[in-house]
Every structure is written in structure tokens, then in C-alpha cells.
Amino acid sequence: EDQVTQSPEALRLQEGESSSLNCSYTVSGLRGLFWYRQDPGKGPEFLFTLYSAGEEKEKERLKATLTKKESFLHITAPKPEDSATYLCAVQGRSGNTPLVFGKGTRLSVIA
Amino acid sequence: ETGVTQSPTHLIKTRGQQVTLRCSSQSGHNTVSWYQQALGQGPQFIFQYYREEENGRGNFPPRFSGLQFPNYSSELNVNALELDDSALYLCASSFGGVGTGELFFGEGSRLTVL
């Protein structure tokens, strides 16, 4: 069974204080690993797809990396508007496999 | 280009009742999937429709059912509501059936069962 574990559950940062969020996963053949951002009361918003170990993607202050067992979302010099819940999901290769999401990391950036 | 829209945004039902939630997919998308998100949890896959056929289902009982229409809009129906059905129901659209994890989500329908 595919599984995703995200840590920490919650993270509080000062504006400008860089940090990383972790996503550990087990999957029988990885089709892709996905990062989403979710604001309170809204649906998730797609950020990145990573397909193979060693791959990296960047968008503004965010950078996602992937190894064979985990992914990191690095946040450089965060701003208050980066406050949100960040969700990690995996999709396996076999059949009609849907996304399996973790519980997310709730990030608060304080000015 | 219009995004994914869901209705209603909020609703309250009592145990045993039935509910229908609606979703209009993003223009050009032919695949719709539904997720249930309980408070403090990640979204859980309910089922997916591709070209009007269900082509994937998660671990949800048969009282959760759905439809996709020729214009690719979709409905989620839940019968015999239980207290644990209280959650945010998310619709997501994409193109091409299973294979893409780049989903475009609506803002969700918040269901409260009393």
C-alpha cells in the first residue's frame, strides 16, 4: 500500500528564516511525486511534479528535491504570504493508480 | 479559461439523508476525480471519471456514487449520510485519464452531517 508521511505537522518561521519540509514515501514503482499548496478553506493548488531521484524543481522561494525515499520542499527567505498547508502526494505506476496524499505541513510565517 | 467550480460551497444535512455535490471541470479537461478531506487530514481519493466512465475507485462504500456528463461536468452522490461523512469534498479535473498527477482543484463543498 502506498504511503506518505509528512513532517513536521506544523512549522512556525520568522520572515526570512529558511527551512525545509519533509515528505517520506513508500510506493511500488513511482510514477510521480507531487507538491501542492492549500490555503485555508480552499482547494489544493499544484506546485511541482518530480519523477526521478535527483530531480529538482524551483518556483520563486520554493525548491523541491527528490530521493528514492523522500522529498524535501525547501523554502528560502519565506514571506508571510507563503503561509499555507503544503501537501505531498505520490502516484504509483500500476494500473489506474490515484494520488495518495500525506496529511500536510501547516506553515506559518510571521512578519 | 474558467477554472474548476463546485456547488454548493457549504451545506448541512442530518444523518440518513442524501446529498448531491456538483462540479464543473476546467475547460478542455476530460477527467474528473473526487476527494474527501477531513479536518486536519490530506485528501482521500473517492473515485475518478474519464469520458463518462468510472475508471478508478478508492476505499469508499457503494453509497458514494457519481456521474460524469458529456460536457465533463460531474456529480458526487452520497446516500444514507453518516456523521463521519462530514468533510470538505474536493473535485479535481485533469486531461487524459490516469497518468497525470497535476490536478486542478475546485474550492470544495463543505458538508456537515448532524
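Since the structure is predicted, the reported quantities are computational estimates derived from the model, not experimental observations.

Here is what the cut-offs are and how they apply
Residues numbered from 1 in each chain as written. Chains lettered and ligands numbered in written order. Predicted model: local features only at pLDDT ≥ 70, side-chain atom pairs only at ≥ 80, totals over all residues. Heavy atoms only, no water. Helix = DSSP H or I, 4+ residues; strand = E, 2+ residues; numbered from the N terminus. Buried < 20%, exposed > 50% of the residue type's maximum accessible area, 1.4 Å probe, protein only. Contact = heavy atoms within 4.5 Å. Polar contact = N/O pair within 3.5 Å; in protein donor to acceptor, adjacent residues only side chain to side chain. Buried area = accessible area lost by both parts, 1.4 Å probe. Salt bridge = Lys/Arg side-chain N within 4 Å of Asp/Glu carboxyl O. Disulfide = S-S within 2.5 Å. 1 Å grid on protein atoms, 1.4 Å probe; cavity = no way out; pocket = protein on both sides within 12 Å on 5 of 7 lines; lining within 4 Å. Points joined across faces, edges and corners; volume = space filled by probe spheres on them. Pairing = 2+ DSSP bridges. Axes fitted to C-alpha atoms, helices over the stretch in contact; angles between N-to-C directions.

### A short note on the environment of Lys57(A)
All names here are of chain A. With respect to the element layout, Lys57 can be found in strand β6 (residues 56-59). For Lys57, a relative accessible area of 29% corresponds to the partly exposed category. Separated by 35 residues in sequence, Lys57 and Asn22 have C-alpha atoms that sit 15 Å apart. Sequence-distant contacts of Lys57, defined by excluding residues within four places in its chain, comprise Phe48, Thr49, Leu50, Leu62, Lys63 and Ala64. A polar side-chain atom of Lys57 sits 2.6 Å from the main-chain carbonyl oxygen of Thr49.

### Some remarks on the interface of chain B and chain A
At the junction of the two partners, chain B supplies 19 residues and chain A supplies 19 residues. Between chain B and chain A, the buried area comes to about 1,500 Å², and carbon and sulfur atoms account for 57% of it. Connecting chain B to chain A are 1 salt bridge. Here Lys42(A) and Glu107(B) are joined by a salt bridge, their closest N and O atoms 3.8 Å apart. Secondary-structure elements contributing two or more residues to the side of chain B that touches chain A are β4 (31-37) and β9 (87-94) of chain B.

### Observations concerning the state of the cysteines
Residue and element names in this part refer to chain A. Within the structure shown, the criterion is met by 2 disulfides over all chains. Two residues share a disulfide in this structure: Cys23 and Cys88, whose sulfurs sit 2.0 Å from each other. Here the S-S torsion is close to -60°, and the disulfide linking Cys23 with Cys88 is therefore left-handed. Highlighted residues: Cys23 in strand β3 (residues 19-26) and Cys88 in strand β9 (residues 84-92), separated in sequence by 65 residues. With respect to burial, Cys23 and Cys88 carry one shared label: buried.

### Some words on the layout of surface pockets
Roughly 700 Å³ of volume is contained in the largest pocket. Lining the largest pocket are 24 residues, and of these Glu1(A), Asp2(A), Val100(A), Phe101(A) and Gln44(B) lie nearest its centre. Of all the elements in the fold, those that place two or more residues in the lining of the largest pocket are β1 (3-7) and β10 (100-101) of chain A together with β5 (44-50) of chain B. Considering every element that reaches the lining of the largest pocket, the biggest residue donor is β1(A), with 4 residues.

### Quick notes on the pairing of strand β11 (residues 109-113) of chain B
Residue and element names in this part refer to chain B. Residues Ser109, Leu111 and Val113 of β11 are buried on one face, while the alternating residues Arg110 and Thr112, pointing to the opposite face, are not. Strand direction decides the pairing type here: strand β2 (residues 10-13) and β11, joined by 4 bridges, are parallel. Bridge pairing links Ile12 to Thr112 in β11. In this sheet, β11 lies alongside β9 in antiparallel orientation, the contact comprising 3 bridges. Counted as the bridge partner of Ala87 is Leu111 from β11.

### Description of the sheet that holds β1(A)
Residue and element names in this part refer to chain A. Pairing within the open sheet is antiparallel, and its 5 strands lie in the order β1-β3-β8-β7-β6. Bordering the open sheet on either side are β1 and β6, each of which pairs with just one other strand. Direction aside, the axes of adjacent strands within the sheet are offset by 15° on average. Sheet analysis places strand β7 (residues 62-66) next to strand β8 (residues 70-75), joined by 5 bridges and oriented antiparallel. Considered in β8, the bridge of Leu66 is made with Ser71.

### Some points on the sheet that holds strand β1 (residues 5-7) of chain B
Residues and elements named next belong to chain B. The antiparallel open sheet is built from 4 strands, whose spatial order is β1-β3-β8-β7. Edge positions in the open sheet fall to β1 and β7 (64-68), since each of these has one partner strand only. Adjacent strand axes in the sheet meet at a mean angle of 15° when their direction is disregarded. Across 3 bridges, β1 lies against strand β3 (residues 19-24) in antiparallel orientation. Bridge pairing links Thr5 to Ser24 in β3.

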